[in-house]
Amino acid sequence: MTTDSSVLSTMPTAKRVALLNRDDRLFHVILAQQVQRETIDHLCKLAEMIRTVAETRQGVHFLRTLLSHKRAMLYFIQPSTRTFLSFASACQILGMPYDEVRNPSVSSEIKGETEDDTIRVLSQYFDLIIMRHPVEGFAETMAHELDALHLSIPIVNGGSGKDQHPTQALLDIYTLLRSFAEDSGPKGIPSFAHDRMAGKTIAFVGDLKRGRTVRSLVYLLGRYPGVRLRFVSPPELGLEHDIISYMKRNEMEYETASDLGEIIGDCDAVYMTRLQDEYDIKGESKSIDYDRFRLSADMAPQFKPNLAILHPLPRRNELDRALDTDPRARYWDQVKNGMWMRAAIIAYIFNADAAILDHFQSHYTY
Ligand code: NCD
């Protein structure tokens, strides 16, 4: 009994979420809709604690003992730099050995083994599979397949085609909250439960149709009442209907705009994205004038003093390099935050979060 992606696409989201979570905790991490607000708060706090503990040699040694008895597989068969390396670094931080498959042409798939069989084999060697795959729904289908075969190990989605990228969305929330934080407690542990999103205006710019990071982040922002969203994209690359109906159902405040220059002055954060032309069927995005969806340094006089500029990277020309030295550029922080957030996610999956909390409380005050 397996659940293929055609069945999944017609299943209500609540049912899909229930199949992926266990006892109200994330087991597989596949969809942003699985993540409740209290889990987001918890993971942000955990990420902040891990980064603080890792500042000392003794803390680094403590963290390395946490998951030395577990092993991870990084199955990344779609190109990746940051997601792959931040997950690999997160495993190292937690002392968790990992192995990788990045090129199926050197695995038995070249001999005709199906990908399903490959994943079943991986489940016999490892305790966790972190997966990036070009096909939407593949990670979720594999999660159900392993469950049905009683071979369950957690699967974490590191990017599923055009669909979702939930761990990127979590690190983006962490970055936004850090950027919006005005008051930090001792040792810089802000209270992530405190609502810093309310009243903030966040613009998403570019290829919103195929940008999986945007899709997952909008789902997570649905957990923050009072946030205001603005969407700026070429007409052909606007948000898909599932996201629009999610925002309507959740009574989120949003507007679309055609000109970034007209709205940038009102924004507290801007989330830039590149053209996702690897998903073109016949080069259709070649005719799109993407220059209109570029954040340029010439616009800086209009920026709010505390604007947070985010980009999941890689970038092309849509984000002016002249902004790299502007203190409002948060995309380098995003890269680093990804490592701490992914360490938090892995620690949480294996219930090592309580040990981190204990260690933190006995060494720091906050
Ligand atoms: C993004 C991705 O792969 O979806 N990058 C990332 O994970 N940091 C964005 C992109 O490729 O444009």
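Because the structure is a prediction, the values reported are computed rather than measured.

## Notes on the packing of helix α3 (residues 37-53) against helix α13 (residues 353-363)
- α13 packs onto α3 with a crossing angle of 55° between their chain directions and a minimal axis gap of 10 Å. The angle between α3 and α13 places the two elements in the oblique class. Crossing angle aside, the handedness with which α3 passes α13 is left-handed. Contact with α3, carried on its side by H42, L46, M49, I50, T52 and V53, involves D353, I356, L357, H359 and F360 of α13 and no other residues of that element.
- By residue class, the composition of the contact of α3 with α13 is seven nonpolar, three polar and one charged.

## Concerning the domain arrangement of the protein
- For the protein, the assigned domains are domain 1 (5-164 + 336-363) and domain 2 (167-278 + 288-332).
- Of note, the centres of domain 1 and domain 2, computed from C-alpha atoms alone, are 25 Å apart.
- The interface of domain 1 with domain 2 comprises 36 residues on the first partner and 29 residues on the second.
- Between domain 1 and domain 2, the buried area comes to about 2900 Å², and carbon and sulfur atoms account for 57% of it.
- Our enumeration of links across domain 1 and domain 2 arrives at two salt bridges.
- We note a salt bridge from E48 to R178, for which the minimum N-O separation is 2.6 Å.

## Describing the site of the ligand
- With respect to spatial proximity, the complete set of residues near the ligand consists of T83, R132, H165, Q168, R212, T213, R274, Q276, P312, L313 and P314.
- The side chain of R274 places a nitrogen or oxygen atom 2.7 Å from an oxygen atom of the ligand.
- In the model, a nitrogen atom of the ligand is placed 3.0 Å from a nitrogen or oxygen of the P312 main chain.
- Grouping the amino acids of the shell around the ligand by side-chain chemistry returns three nonpolar, five polar and three charged.

## As for unusual backbone geometry
- Here the bond from L313 into P314 is cis, since omega is 5°, no more than 30 degrees from zero.
- With respect to the helices, strands and loops of the structure, P314 is situated in the loop between β11 (308-310) and α12 (331-349).
- Located in the positive-phi region is L313, a residue other than glycine, with phi close to 65°.
- Mapped onto the fold, L313 is located in the loop between β11 and α12.
- Taking the relative accessible area as the measure of exposure, L313 reaches 11% and is therefore buried.

## Quick notes on the nonpolar core
- Counting residues in each nonpolar core, the largest one holds 77 residues, and the members touching the most others are I173, M197, F204, L221, L229, M341 and I346.
- Each of two domains, domain 1 (5-164 + 336-363) and domain 2 (167-278 + 288-332), supplies a minimum of three residues to this core.
- Ignoring any residue separated from it by four or fewer positions in sequence, one finds I173 in contact with I40, C44, M197, L217, L220, L221 and Y224.
- Counting 20 residues, the second largest nonpolar core, distinct from the first, contains I264, M272, F303 and I309.

## Some words on the environment of G226
- Note that G226 resides in the loop between α9 (212-221) and β8 (228-232).
- Along the primary structure G226 and S105 are separated by 121 residues, whereas in three dimensions their C-alpha atoms are 48 Å apart.
- In this view, G226 contacts M197, A198, G199 and K200; residues no more than four positions away in its chain are not counted.

## As for the sheet that holds β11
- One open sheet holds the five strands; their spatial order is β9-β8-β7-β10-β11, and the pairing between them is parallel. Edge positions in the open sheet fall to β9 (253-257) and β11, since each of these has one partner strand only. Between one strand and the next, the sheet's axes are offset by a mean angle of 15°, whatever the strand orientation.
- Taken together, the five bridges between β8 and β9 define a ladder with parallel strand orientation. Paired with V232 across the bridge in β9 is A257.

## Section: the packing of aromatic side chains
- A complete count under the given rule lists nine aromatic pairs for this structure.
- With 6.1 Å between their ring centres and 50° between their planes, Y290 and F293 make a pair best called tilted.
- The exposure class assigned to F293 is buried, which follows from its relative accessible area of 0%.
- The aromatic ring of F27 is capped on one face by R22, whose charged end is 4.3 Å from the ring centroid.
- The side chain of K200 reaches across the aromatic face of F180, ending 5.0 Å from its centre.

What counts, and at which threshold
- Residues numbered from 1 in each chain as written.
- Predicted model: local features only at pLDDT ≥ 70, side-chain atom pairs only at ≥ 80, totals over all residues.
- Heavy atoms only, no water.
- Axes fitted to C-alpha atoms, helices over the stretch in contact; angles between N-to-C directions.
- Helix = DSSP H or I, 4+ residues; strand = E, 2+ residues; numbered from the N terminus.
- Parallel < 35°, antiparallel > 145°, perpendicular 65-115°, else oblique.
- Left-handed = near helix turned anticlockwise from the far one by under 90°.
- Contact = heavy atoms within 4.5 Å.
- Nonpolar A, V, L, I, M, F, W, Y, C, P; charged D, E, K, R; others polar.
- Domains from an automatic or database assignment.
- Buried area = accessible area lost by both parts, 1.4 Å probe.
- Salt bridge = Lys/Arg side-chain N within 4 Å of Asp/Glu carboxyl O.
- Near = heavy atom within 4 Å.
- Polar contact = N/O pair within 3.5 Å; in protein donor to acceptor, adjacent residues only side chain to side chain.
- Buried < 20%, exposed > 50% of the residue type's maximum accessible area, 1.4 Å probe, protein only.
- Core = buried A, V, L, I, M, F, W, Y, C linked by side-chain atoms within 4.5 Å.
- Pairing = 2+ DSSP bridges.
- Phe/Tyr/Trp six-rings, centres within 6.5 Å; stacked < 30°, edge-to-face > 60°.
- Lys NZ or Arg CZ within 6 Å of the ring centre and 35° of its normal.

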